[in-house]
Amino acid sequence: MRNIAIIGAGQAGLLVAHGLRLHGYPVTLFSDKTPEEFLNKTRPTGTAARFDMSLEFERELGLNHWDDVAPKGEGVHLHFFPGDVRNVLVTLLGRLSRPFLAIDLRLQSHRWMHDLEQRGGKIVIEDVTIPRLEEIAASHDLTIVAGGRGPITKLFPRDDARSFYTKPPRFLAMVNVVGVAMHLEYCPFLPVKFNFFGRYGECFWVPWYHKDKGPGWSLVFEAKDGGPIDRFRNVKTGEQALETAKNVIRDILPWDYEWIRNAELGDEYSWLTGSFVPEVRKTAGVLPSGRLVMSVGDTNQSLDPVGGQGANNGNKMARNLVNCILERGAEPFDAAWMASTFDRFW
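Owing to the predicted nature of the structure, the values given are computational and were not obtained by experimental measurement.

Parameters and conventions
Residues numbered from 1 in each chain as written. Predicted model: local features only at pLDDT ≥ 70, side-chain atom pairs only at ≥ 80, totals over all residues. Heavy atoms only, no water. Core = buried A, V, L, I, M, F, W, Y, C linked by side-chain atoms within 4.5 Å. Buried < 20%, exposed > 50% of the residue type's maximum accessible area, 1.4 Å probe, protein only. Contact = heavy atoms within 4.5 Å. Phe/Tyr/Trp six-rings, centres within 6.5 Å; stacked < 30°, edge-to-face > 60°. Lys NZ or Arg CZ within 6 Å of the ring centre and 35° of its normal. Salt bridge = Lys/Arg side-chain N within 4 Å of Asp/Glu carboxyl O. Helix = DSSP H or I, 4+ residues; strand = E, 2+ residues; numbered from the N terminus. Pairing = 2+ DSSP bridges. Axes fitted to C-alpha atoms, helices over the stretch in contact; angles between N-to-C directions.

Draft legend 1. Fine view of the nonpolar core. In this structure, L142, I144, I325 and W337 are the most contacted members of the largest nonpolar core, which totals 46 residues. What I144 contacts, discounting residues up to four positions off in sequence, is I4, A5, I6, I7, V16, M294, V296, L321 and I325. Of all hydrophobic cores here, the second largest spans 34 residues; its members include C187, L219, A241 and I249.

Shown next, in the form of structure tokens:
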């Protein structure tokens, strides 16, 4: 059985590791954090709401540990504002045939790493540099990089044919809160709440499961430059992020203000701000020695958070990669094969 290394203990990397272990492959996962550091000393890297097609892979791998406790999103409630922030032109409600879930990624990595060790996978805690990656690639039949959007992504050139943006289209903020009712008075079911502003960006409220405190909400803000949502650029603390989030809701979405007024930050790390360029990168990366490594998840493509594209496509990409490895048998994991795996996913 061929020996495979995976760099990164986020969602995509862990799913590939578990998928390969299910079929008996020797797997070594390299992580820059221990499971306990993920749980207690890091920020969630996104909301990661997954719909049923993506969740099915997690269920197949026996990783759906929170199905009975996490809030189940039953559908969508959408407001569309074409111009002025108070002009709601369209309101839509839609039910899903199967619910979506959004689990605190810190809790998920913590549990899935322990699960992997229990299933015979090896975990090595270290921050993998390029020289170290050379050593890992030399001692494994295939090395998969699932390191998110970190510096190691520079190994994988931009795929210009599949990438559109050259600069960040929005400034992003995520504030994960608890102490808020798990319903919206104007919606008869538990939804993901979409507020689309034609001129100014988007605001989403996503039912979310906090690692310690259980059901809550992930508030996501995607601000176009200079608009009324664009207030998070100078935020330095979680409390500032929460206050800014409440102020935005009070000013442009006042019908949700009483609902969110007494919200509390899930924990000191439960927030993010920043921006990035959505882009697709080449799947095969070439190390200085000429050895090949391949990308998956956010390392392979960084997507706009609208609609949970990163998390959902990460799951689908991981499943596709596992299937491609199984089908490859004893054939070489060369650059052409690496590119073909992403082509099939795409």
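Draft legend 2. Region of interest: the packing of aromatic side chains. Summed over the entire model, instances satisfying the criterion amount to 13 aromatic pairs. Here the aromatic rings of F333 and W337 are separated by 4.8 Å at their centres, their planes lie at 50 degrees, and the arrangement is tilted. One aromatic cluster is present, built from ring pairs that chain together F81, F197 and W255. Sitting above the plane of the F38 ring, K33 keeps its charged end 5.4 Å from the centroid. Geometry around W271 places R43 over its ring, the cationic atom sitting 4.0 Å from the centre.

Draft legend 3. Summary view of the pattern of salt bridges. Summed over all chains, the structure comprises 30 salt bridges. Put simply, R231 and D251 hold a salt bridge, and the shortest N to O gap is 2.8 Å. Remark: D251 occurs in helix 6 (residues 238–252) and R231 occurs in the loop between strand 11 (214–223) and helix 6; sequence separation between them is 20 residues. A salt bridge links R328 to D334, with the shortest nitrogen-to-oxygen separation between them at 3.7 Å. The class for R328 is partly exposed, based on a relative accessible area of 21%. On the basis of relative accessible area, D334 is assigned to the partly exposed category, the value being 30%.

Draft legend 4. The sheet that holds strand 1 (residues 4–7), seen in detail. The six strands lie next to each other as 6-2-1-7-16-15, forming an open sheet whose pairing is mixed. At either margin of the open sheet sits one strand with a lone partner, and together these are strand 6 (122–125) and strand 15 (284–286). Taken over all neighbouring pairs, the strand axes of this sheet differ in orientation by 25 degrees on average, direction set aside. Here two bridges tie strand 7 (residues 142–145) to strand 16 (residues 292–295), and the two strands are oriented parallel to one another. Its bridge partner being in strand 16, I144 is matched across the sheet by M294. Contacts between helix 4 (residues 105–118) and the sheet are confined to strand 2 (27–31) and strand 6, with strand 6 contributing the most and set at about 130 degrees to the helix. The strands touched by helix 9 (residues 335–345) within the sheet are strand 7, strand 15 and strand 16, with strand 16 carrying the most contacts at an inclination of about 0 degrees.

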